[in-house]
Each structure stands twice: as structure tokens, then as C-alpha cells.
Amino acid sequence: MKYLLVLVILFVLELSYFKIADYFNITDKPNQRSSHSVVTLRGGGVIFYFGALFYFFNSGFAFPWFFCGLTMMVLVSFLDDLFTLSNKVRLLVHFLSVYLMAFELGISEQSWYILFVSFIVIVGVINAYNFMDGINGITASYSISVIALLLIVNSSVPFIPSDLLIYTLISLVVFAVFNFRIIAKCFAGDVGSVAIAFIILFCLGALIIKTEKLIYILFLTVYGIDTIWTIVRRLILSENIFEAHRSHLYQYLANEAKINKLFVALWYGIAQFIIGLGVIYFSQFNNEIQILFTISILVLLSLVYLLMKRYIIQRYNILN
């Protein structure tokens, strides 16, 4: 009954946000880089923050530093959705927010170089999550898969209160109702993609710290491979990697190859879930086997990415 009530409340909040977004014209207008063709409400992913907010209040204000960091991240991302802030401002707030996450996880007192690498990786993943939010349904599908994997692990190795994961999952379902459509009612916006990435990374960090197993970072493999190889290719072409584009593999599949966008989005989530089940299985073995599995997955996915990208570029005569 508790979760049903949360579902109803989040659903009402999402609908209420639509009215606000419509009134203030918070929309995403199509351009040459877009994968959509009609004006669509932006920022529907703010519901992820409200899901976390429900947990925060119902838990007696658990994880206050994490929630403070999440709030900062959401505010600057929402302002970016409205006014397009400079990258320097966004990155400054991101690093401050990540520091609060690190403080909550108890790793802020680690050696400076460990913190530095961790900050770069976390901020990079958050921005990658934002870059990957380019077609209907992909953020919802992929994030539901990751949260489901974390719930599976949490059932046998408790590393975080399950309600945080469940409330997040409910918010993703609410968002999917309006976004996982051929013509979406809303997009997540920077506020949504950044919020869900921050929540997932906090939970994933708690899992890695609890188990001392880095293999769980593979819960983000599919997004990671697409993002890293796309950045590499854009650097080779001397392109600005911070500018909007549509050269990710999922965008090529949906836009150039004309594969149904929801099908592409769904398979990104399914692929990550299957890999995640493998991660859970191999996490039981010694470090050598875990490393071998990790290398195998990274090499296999890289080959799939590169071969598919090459085929589409040649088949559809893509010049950039």
C-alpha cells in the first residue's frame, strides 16, 4: 500500500509539472541535432528527485549530505534546462555535489589522488548519462535495468536501504509512462538525466564500498562503451565533445538506420541487464576470474560497437 501511494503521488506531481512546464514554455524544440520532430516538454525527469525526496522524508532524513548534493545538482541542471549555463558553472556545482556524495559514503578522507580520480570518473559518468539521453525511452529503460540489478544484489548483500531503490524505480516507471512512447509527452532534460545518474552512482558506490568489488562498475558498461568510443571518434575528427551531436551508436541506429527508437532504447536496457546478471554471477569468484570476465565484456562490447558503427557509417554514407 505504501508503494502504491507513492506511485499515485508521483504520478500527480508529474502531471502538475507538465502544467508548469507548459505555462512557462519549458520545452525542447527540434533542431538539426535532435532526434525528435515536435516540440516536447522538457524536465519531466525532475520526478526522479521527488522520488528521492519521498525517501528522504520517510526515512527520517537519512543520507543528508547525499541529498544536499543531489539538490544542488538538480537545481543547477534545472537552471541549465531553462537558460543554458556555462560548462564551468555546471562542472563546479557537479564537483561540489560529488564531494558531498563522497562525504556521505565515507571516502572523503582517502588519499588526494584516489579522490581526484574518483571525482573525475563520477563527474564523467554523470555527464555521459546526460549525453546518452537522446531518444525516447532510453533513460527510463536503461535506468530501470540498473536499479533492478541493484535491487537483486541488495536482496542478498544489503548495502543500501531498499526503499531508496524502490522509490527510484517507481519514479522511473512514472516517467516511462510519458516518455517511452513513439511521440513522447516529455523528455527527462538535464535535470532528469543528471538526477538519476547521481542517485545510481551513490547506490553503486555504496555497493562497491560494501563488497570491495570494482566489478560492479560493469552495471554501467553499455552506456560506458557507447560514450567512450563516441568521444574517441569525435576527438579524432577534431570535434568539440561538449557540443550537442547525434553521433552515438544508439542515435545512428534510430536516426540513420531508422530502427524504431523504442526498440533501440529497450535493447540498451536489456543488454545492460543481461551483462549485469553476468556481473552478479562472476562476482562470486576470485579476482583473477572477475578481471578476465571484465576484460572479455569490454572487448566484446567494443567490437560490437565498432563493427555496428562502421557498418552504419558506410551503409548510409555518414561523413561525420
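You'll find the structure just up there.
Residues numbered from 1 in each chain as written. Predicted model: local features only at pLDDT ≥ 70, side-chain atom pairs only at ≥ 80, totals over all residues. Heavy atoms only, no water.

Engineer: Describe the overall build of the chain, and please don't skip the residues or the numbers.
Structural biologist: Looking only at helices and strands, one finds 12 helices and 3 strands in the chain. Computed over C-alpha atoms, the radius of gyration of the chain comes to 19 Å, within 12% of the 20 Å expected from 2.2 N^0.38 for 320 residues, which places it in the range of a compact globule. Seen through its principal axes, the chain has C-alpha atoms that stretch 55 × 55 × 40 Å. For the chain, the residues scored as buried account for 50% of the 320 residues in total. By sequence separation, contacts in the chain at least 24 residues apart represent 74% of the contacts at least 6 residues apart. By element, 70% of the accessible surface of the chain is carried by carbon and sulfur atoms, the whole surface being about 15,600 Å². Between the centroid of the 19 positive side chains of the chain and the centroid of its 16 negative side chains there is a distance of 9 Å. (Helix = DSSP H or I, 4+ residues; strand = E, 2+ residues; numbered from the N terminus. Rg over C-alpha atoms; globule rule 2.2 N^0.38 Å. Buried < 20%, exposed > 50% of the residue type's maximum accessible area, 1.4 Å probe, protein only. Contact = heavy atoms within 4.5 Å. Areas by Shrake-Rupley, 256 points an atom, 1.4 Å probe, with all protein chains shown as cover. Lys, Arg positive; Asp, Glu negative; His and termini not counted. Charge placed at Lys NZ, Arg CZ, Asp CG, Glu CD.)

Engineer: So what's going on with the environment of Phe66? Residues and values would help.
Structural biologist: Residue position: Phe66 is located in helix α3 (residues 64–83). Phe66 sits in the buried class, given a relative accessible area of 3%. Expressed as a C-alpha distance, the spacing of Phe66 and Ile270, which sit 204 residues apart in the sequence, is 29 Å. Apart from the residues within four sequence positions on either side, Phe66 is in contact with Leu100, Glu104, Phe198, Ile199 and Phe202.

Engineer: Could you give an account of the state of the cysteines, with specific residues and numbers?
Structural biologist: Formally, a disulfide is one covalent bond, and it connects the sulfur atom of one cysteine to the sulfur atom of another. Enumeration according to the criterion identifies 0 disulfides in this entry. The structure places no disulfide on Cys203, whose sulfur is separated from the nearest cysteine sulfur, that of Cys68, by 17 Å. Under the relative-accessibility criterion, Cys203 is labelled buried at 0%. (Disulfide = S-S within 2.5 Å.)

Engineer: Describe in detail the side chain of Gln272, supporting the description with residues and values.
Structural biologist: By the secondary structure assignment, Gln272 is in helix α11 (residues 261–282). Apart from residues no more than four positions distant in its own chain, Gln272 is found in contact with Tyr142, Val146, Leu149, Leu218, Phe219, Leu220, Thr221 and Val222.

Engineer: Outline the sheet that holds strand β3 (residues 186–187), listing residues and values.
Structural biologist: Overall, mixed pairing links the 3 strands, which are arranged β1-β2-β3 in an open sheet. The open sheet has two edge strands, β1 (27–28) and β3, and neither has a second partner. Pairing of strand β2 (residues 40–42) with β3, which is carried by 2 bridges, proceeds in the parallel orientation. When the bridges of β3 are listed, Leu41 appears paired with Cys186. (Pairing = 2+ DSSP bridges.)

Engineer: Describe the pattern of salt bridges, naming the residues involved and giving the relevant values.
Structural biologist: Applying the stated rule across the entire model yields 3 salt bridges. Glu239 is the partner of Arg234 in a salt bridge, and the nearest nitrogen-oxygen pair spans 2.7 Å. For Glu239, a relative accessible area of 25% gives the class partly exposed. A salt bridge links Arg246 to Glu256, with the shortest nitrogen-to-oxygen separation between them at 3.6 Å. Highlighted residues: Arg246 in the loop between α9 (221–236) and α10 (249–256) and Glu256 in helix α10, separated in sequence by 10 residues. (Salt bridge = Lys/Arg side-chain N within 4 Å of Asp/Glu carboxyl O.)

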